[in-house]
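Okay, here's what each chain looks like letter by letter:
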Amino acid sequence: MERIAVLIPCLNEEITVARVVEDFRAQLPDAGIYVYDNGSTDRTAEMASKAGATVLHEPRRGKGNVIRRMLHDIDALCYIIVDGDDTYPAEHAREMADCILEQGYDMAIGDRISSQAYGAQNKRRFHGFGNKLVCRLINTVYRGDLRDIMTGYRAIGYAFAKSFPVLSQGFEIETEMSIHCLDRNLLYRNFPIEYRNRPEGSISKLRTYGNGLQVLYTIFTLYRTYKPLRFFLWCSAISLAISISFLVPVLMEFMATNTTQKLPSFIACVFFAIFSILSFFQGLSLDTINQKERRDFEIQYGSCRERVRNAC
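The structure displayed is predicted, hence computed values, not measured ones.

### Notes on the pattern of salt bridges
Next up, step 1: Summed over the entire model, instances satisfying the criterion amount to 21 salt bridges.
Next up, step 2: Here Glu102 and Arg3 are joined by a salt bridge, their closest N and O atoms 3.0 Å apart. Of this pair, Glu102 sits in the loop between helix 4 (93-101) and strand 5 (107-111) while Arg3 sits in strand 1 (residues 2-10); the two residues are 99 residues apart in sequence, bridging distant segments of the chain.
Next up, step 3: By relative accessible area, which is 38% here, Arg3 ends up partly exposed.
Next up, step 4: As a salt-bridge pair, Glu306 and Arg309 come within 2.7 Å of each other at their nearest N and O atoms. Of this pair, Glu306 and Arg309 both sit in helix 11 (residues 263-311), three residues apart, which is roughly one turn of that helix.

### Notes on helix 1 (residues 17-27)
Next up, step 1: What helix 1 keeps buried is the set Val17, Ala18, Val20, Val21 and Phe24. Buried residues in helix 1, looked at end-on, bunch into an arc of 165 degrees, giving them a common side.
Next up, step 2: Close packing links the buried residues of helix 1 with strand 1, strand 2 (32-37), helix 2 (44-50), strand 4 (76-82), helix 4 and strand 6 (153-157).

### Brief notes about the sheet that holds strand 6
Next up, step 1: Pairing in this open sheet of seven strands is mixed, and the strands run 3-2-1-4-6-5-7 from one edge to the other. Strands at the two margins of the open sheet, each flanked by one partner only, are strand 3 (54-57) and strand 7 (188-192). Strand after strand, the sheet turns through a mean of 20 degrees between neighbouring axes, direction not considered.
Next up, step 2: Where strand 2 and strand 3 come together, four bridges link them in parallel fashion. Pairing of Tyr36 across the sheet is with Leu56, part of strand 3.
Next up, step 3: Taken strand by strand, helix 8 (residues 173-183) contacts strand 4, strand 5, strand 6 and strand 7, and its axis lies near 40 degrees from that of strand 6.

### Notes on the pairing of strand 5
Next up, step 1: Where burial is concerned, most of strand 5 is hidden: five out of the five residues are buried.
Next up, step 2: Judged by which residues are buried, strand 5 turns out to be covered on both faces: Met107, Ile109 and Asp111 on one side and Ala108 and Gly110 on the other are all buried.
Next up, step 3: When strand 5 meets strand 6, the two strands line up antiparallel, connected through three bridges. Directly across from Ala108, in strand 6, lies its bridge partner Ala155.
Next up, step 4: Taken together, the five bridges between strand 5 and strand 7 define a ladder with parallel strand orientation. Bridged to Ile109 within strand 7 is Asn190.

Cut-off values and rules
Residues numbered from 1 in each chain as written. Predicted model: local features only at pLDDT ≥ 70, side-chain atom pairs only at ≥ 80, totals over all residues. Heavy atoms only, no water. Salt bridge = Lys/Arg side-chain N within 4 Å of Asp/Glu carboxyl O. Helix = DSSP H or I, 4+ residues; strand = E, 2+ residues; numbered from the N terminus. Buried < 20%, exposed > 50% of the residue type's maximum accessible area, 1.4 Å probe, protein only. Arc of directions from axis to C-beta. Contact = heavy atoms within 4.5 Å. Pairing = 2+ DSSP bridges. Axes fitted to C-alpha atoms, helices over the stretch in contact; angles between N-to-C directions.

What follows is the structure, given as structure tokens:
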């Protein structure tokens, strides 16, 4: 098992990938550096190999697919995950690795938002606004203090890597990692970094609105998965409120005339009442399953940490 592995997912980054490899090699000369080419049509793999990285391939497009393959393939005490676009400084890599290896953190997060440079360098203004909005939403729901949810620069430990079920296929993987960390009560640290914009000629693969919608959908689905009781209690409460709204005019008419002509409203009332009851018990059932999964996770996580201690 390696002590530190630098994992660099890449898609058409021939302009920047060599510099990223060289910068991280200079900061972490003892680390294994792996570039995962995600079906590039340019010379990304060639440039990475010339720079001294081990080049591997993931044919299924999507950053989530690449991260899944990386974490399955490589065994290391600490993983540094960084984009190959040369926007993240390698100078912080050693300190971030020390957070994992020496201080016992599960994840160190390269925080661009706390630095004024992100607002100045980032040419896509909506990205900063969207990131802050998602941060506030997730921190409110999961009671966390994450500063940069969608950063592509993180350090994670072996136990985190091997116990993290990667479900996302695309750029929403960062959101999934952040929510997993908060929900499983793992130890994390925000690590302010100086962000820089892509060099001339380098093109971002992010689609502002399309990927933004994917992130919001991921938050919704993970909330349903990780917090089933809360989710279905909300569904139950909303359905009950709608049911009552249909029932009130029926009751008022019945009390006034001792009969009712609002049969469709009464049927709708019954339908939403039944849905409310089903949602309530669905939430209870899934919450029981979720509690068992959390116990299983703790056992798996403890086993991973034991392996780390033995490796050390």
